[in-house]
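Examining the three-dimensional arrangement
Below are the chains, spelled out letter by letter.
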Amino acid sequence: MASLTSSQTGNWTSSTTWGGSTPAAGDTFTISAGHRVTIDSDVEVATGFGDITCHGSLYLDNSAKLVMNGRITVRASSKTQYFTEGNTSSGGQLEMRPGSEIAISGSNSDQHGVWVETEKYTSIICSGSDNNLNTTLSSSHDYQTDYLSVADASNFAAEDWITVFKRNVDYRVSTDEGMWVHDVDTGNNRIYYRQFVSPSATITKVSGTNIFVDNVKVFRKGYKIIFGTGANRNVATILSISPRRNKMLVDTSISGTVVGEKVYQTGTEKYHVDGSMVKRMATTLTTAITTADSTDQITIGDASDINVGDEILIDVNNDTDTAWDYNTRYVVTAKSGNTLTLHVQVRYVHKVGSLIVILTKDTRIRAADDSSNTRVFVYVERWTSNDGYTRRVLFRNVEFKGLGRNTSSTYYNGVMIGGKTAYLRDDTDTDGENFESAFDSCVYNSCNYLSSYAGLACRDTYRFIYRNCVSYRGERGWWGYSGNYDLRFTNFYSTRHSYSGWMSDGWYNPYKRLAYIYVTRTDDYACIVNHIREAGTIRHLILLNNEQRGFYSFYRMQDGVVVERLLQDGYRYPPYIGASGGKLTFLDCKIQPNRWDGSAEDGTGQVYSNYILAPNTDDRTTYNRGGGKSSYAEYIHFGFEENEFVQSQGGCLRTWSQSDKCWHVQVGSDTNSGFFETIFVPAFTKVRISCEVELVSGFGGTRPYLFANSLNDVHKLGRYRNQYTGQASILTSAQLSSSYYPVEVGFREQEQYSNSSLGSFENKQLTVEPQQKDYFLQTGIYNSATNIREEGYKMRDIIISVEKNTNMPILHQFAQKTKLKVRNSFTAQKKRISGRI
C-alpha cells in the first residue's frame, strides 16, 4: 500500500497523475489544490482504495465506479475561492456525474464514508439524471390555474403524484407545490389535477349550473373544483353554497354525465414561472392485489420511467392492521406496457391507488455490501460559523443505499447535513455565495444497521432545501437534529421507519416550510414538529397507517402555530399535543373518521376499539396537575366541514353540535381527563359555576364531576399543609377562606352528576366562597374511572359567574359559546322584549 499525491491534473488510472505511480488496492491519495483527478470508467478493486483527501477535485464522470475502504474527505484549508482547475488558491471538491457510483466498505470502528470539512470553499456536488418522468411548464401559471400547460403531457397518468417547482431561486420565494393528477389531455398537453390534500364529495344530481352532492359542507364559496374525466371533465368555481340542500351554484354549465363522480378542489396554490419543472413523484397501482403471495405481476398507472433492474416500492395501504415493518421493496425483472414482473411474488394485500415509488437512481453512494457490519455514512460536518456560507452542498438525483447506522457518533447516522452551507439570495447579500444548496430528488434506501437515528438528518442548517425525496427503512425517515433555520421541506415520501417518518427537534425562522409530505407505516410517530418558536408554513400533510401516533408536537409558542390541511387516517391516537407549549390550531384538517378506532364510520373500530384512544396521556394534563388548557388544540373546519369546531385537551376531544347546541365529548382516557377553564378571581369575590351534562341512557360507569379548584397547591389542594399525618382531607373554599392558610394552600369544590343525567341534561352547580387574596381558579368537567371512554357524554358550556365586575382581563378563557357573566345568584336574569303581561 502506497501513499500517493497528485502531481498534475489527469485521469485516476494514469501514472503521470500520481508522479509515476499507478493506484492499487489499499493505496491512500491526496489530490493537491488546483488539480482535477477524473475517474471516467470502472476502477473498482476487490478490497477497495484507502483514504482520499481532496484539496483539489475528485471528479467521477459518467459511468465511473469507485470502491472505497476508507474515507473521502473534502478539504480547503485557508483557500480563497471555489475549485478552479490550475489555481492552487482554490478549495477542494467532490463531484459526481450521472451514472457514477461510490461503494464504501468499513466496520463501525473504521468510520468510513464521505466527509466534508468545516473549511471555506469546500464543495460537494453530486448530480444524477432526472429519471422520474418529467416535463416543463410551457408558460407562466398564475394562482388558481385550471390545468398545467406543459411541453409534453405524454405518460402522465391519473392518480400520479406530481410536483411543480423551480430550482435556483431566492430562498425566500416559495415555488414548490405537490398535487395529484386527475386527468390528462395529451392532445393539448394539459395536466388536470387536484390539490394534495383535498376535500371530496359525490355528485347526486345536476340541474343547470347547480350541483347536488352528498356533503357540500366540505367546500366553500370561491373554491375551484374539478370532476369527471375526458368528455365529462369539468372545472368550475363555486359561486354560492346551500348547506341544507347540499347544493352549490357554479359559474359554468355542466357538461357530460357526472352523477356519481367525485368532486375535488383544484387550482394552483403557487405562482409558477415558465419553464418550471413538472416531475412525477409516484404513480399508482391500477389493479388490486387481493391475496398475498399470489402473483409476481402488478399493473400500474404508467411504467415509462421504470426500467428492468430498478427497485420500486409498493405502498401498503390496507385498512385493518397496524404493522410497520413491511418489506415493500421489489426488483423489476420484466416489463410489458404498464405491467411489471417482480423478482418475487407480491408479499401483501394492496388496494387500487397504492403508490408505486421508484428507488433506483443512476448516481449512487452506497455501502459496498448489505452486511450489518458495514457502517458507512455521508457527513457534511456541522459548522455554525458564518464562514459556513462558503460551502456548496448539492445532492440531486442521488440514491444512498445501505448507509448507517455507525454508532461512533450521532452524526454518523446515514446522511447528515451539518451546519451552514451556501444559499441563493437575489439581492446584494454576499454571505449566501449565490448557490442553492439542496437535497433534491434523492432516495435514502435502507440502512445496514437499524438502530437509533439511522436515516436522513440535518443539524443547524440555514436556508437548506429538501425537495422531492424518498426515505425507506430507517429509524427516522428524516430528522432535524437540534435547530434548523428557514429549512424548506416539500414533497417527501417516507415509509417503514421504526421511530418516525419526519421529525424536527427545532425549527426556526419565518421562511421555514413543511408541505406536501406523505408518511406511512411508521412504528411510533409519523410526523413530529417540536420547538416551534414562531409562525410558519405547515400544510398538506398525509399521514396514513402509522402504528402509534400520526401528528405530534411538543414545545410551541403560545399562539400562531397553524397546521393546515392535515389528513390523518389509520392511527392509534389522534394528534398528540404535548403539555409543554401553547395552543395548536388545525385548520381545514381531517382526522376522523379513523378506520382503526371508535370514530370509524361504522363505529366498531376495525383495529383497536369502539372508542378513541387518548390523544395525550401526560399526567400533567389532568385536572389536579394542570393549569387548564394544557395540551390544548383547536380544529377549525374539522373534517373539512365549514364551521365544524373541535377542541382537544388532555385525553379528550369535543365537537360543537350546532343542532344540539352542546359539545359531544369523546374521552380517550378514563382517568382525570376532561375540559377545564381557568380565570383570574380578585380577592373577596364569590364565584358561581354551573354546567349541564348528559350521559347515554343505561350508562353504568362512574359519572363525571363538575369541579373547581385553586391553581396554587393544585395537586395537594390543602392536604399535608404542615405535616404528613392528620391532614389528608382536601379543603373546601369555605374552609380555606375562614382559616386563611398560607398562600401555598389550595382547595377544591366538586359535585358528581347523578342518575338524572342519564338520557337528559342535568345541571350541577358550585359556589366558590370569597378568598382573602387574588388567585386563579380552574373549573370544568373531569371523570375519574370506568366506561366514560366507551360512551362519552354531552356537555353544554361551563357558565362562570362572579358577583362583581373587575377591570382585570379574564385570562385563559376557552373558546366557548358563552362568556363570563356577572351576577349574584344562579337564577338567570330575564328581560322582557315586548308584549303585555
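Overview of the structure. (Residues numbered from 1 in each chain as written. Predicted model: local features only at pLDDT ≥ 70, side-chain atom pairs only at ≥ 80, totals over all residues. Heavy atoms only, no water.)

Observations concerning unusual backbone geometry
In the segment running from Gly 404 into Arg 405, the intervening peptide bond is cis, with an omega of 5 degrees. With respect to the helices and strands, Arg 405 occurs in the loop between strand 33 (398–402) and strand 34 (414–418). Residue Pro 593 is bonded to the preceding Gln 592 through a cis peptide linkage, with omega at 0 degrees. Mapped onto the elements, Pro 593 comes out in the loop between strand 45 (584–587) and strand 46 (633–636). The backbone phi angle of Ser 441 is positive, close to 60 degrees, even though this residue is not glycine. Under the relative-accessibility criterion, Ser 441 is labelled buried at 2%. Residues other than glycine seldom take positive phi values, yet Asn 545 does so here, at roughly 55 degrees. Considering the arrangement of structural elements, one finds Asn 545 in strand 42 (residues 537–553). For Asn 545, a relative accessible area of 1% corresponds to the buried category. (Helix = DSSP H or I, 4+ residues; strand = E, 2+ residues; numbered from the N terminus. Buried < 20%, exposed > 50% of the residue type's maximum accessible area, 1.4 Å probe, protein only.)

A look at the pairing of strand 10 (residues 101–104)
Neither face of strand 10 is exposed, since Glu 101 and Ala 103 on one face and Ile 102 and Ile 104 on the opposite face are all buried. Sheet topology places strand 7 (residues 65–68) next to strand 10; four bridges connect them, and they run parallel. The partner of Met 68 across the bridge, within strand 10, is Ile 104. Two strands pair when backbone bridges link them, and strand 10 and strand 30 (residues 363–367) are joined in this way by four bridges, in the parallel orientation. Within strand 30, the residue paired with Glu 101 across the bridge is Arg 364. (Pairing = 2+ DSSP bridges.)

What about the pattern of salt bridges?
Applying the stated rule across the entire model yields 42 salt bridges. A salt bridge links Asp 130 to Arg 167, with the nearest nitrogen and oxygen atoms 3.4 Å apart. In this pair, Asp 130 sits in the loop between strand 12 (123–127) and strand 13 (134–136) while Arg 167 sits in the loop between strand 15 (161–165) and strand 16 (177–185), placing the two residues 37 residues apart along the sequence. Connected via shared salt-bridge partners are Asp 130, Arg 167, Asp 176, Lys 279, Arg 396, Glu 436, Asp 440 and Arg 467. (Salt bridge = Lys/Arg side-chain N within 4 Å of Asp/Glu carboxyl O.)

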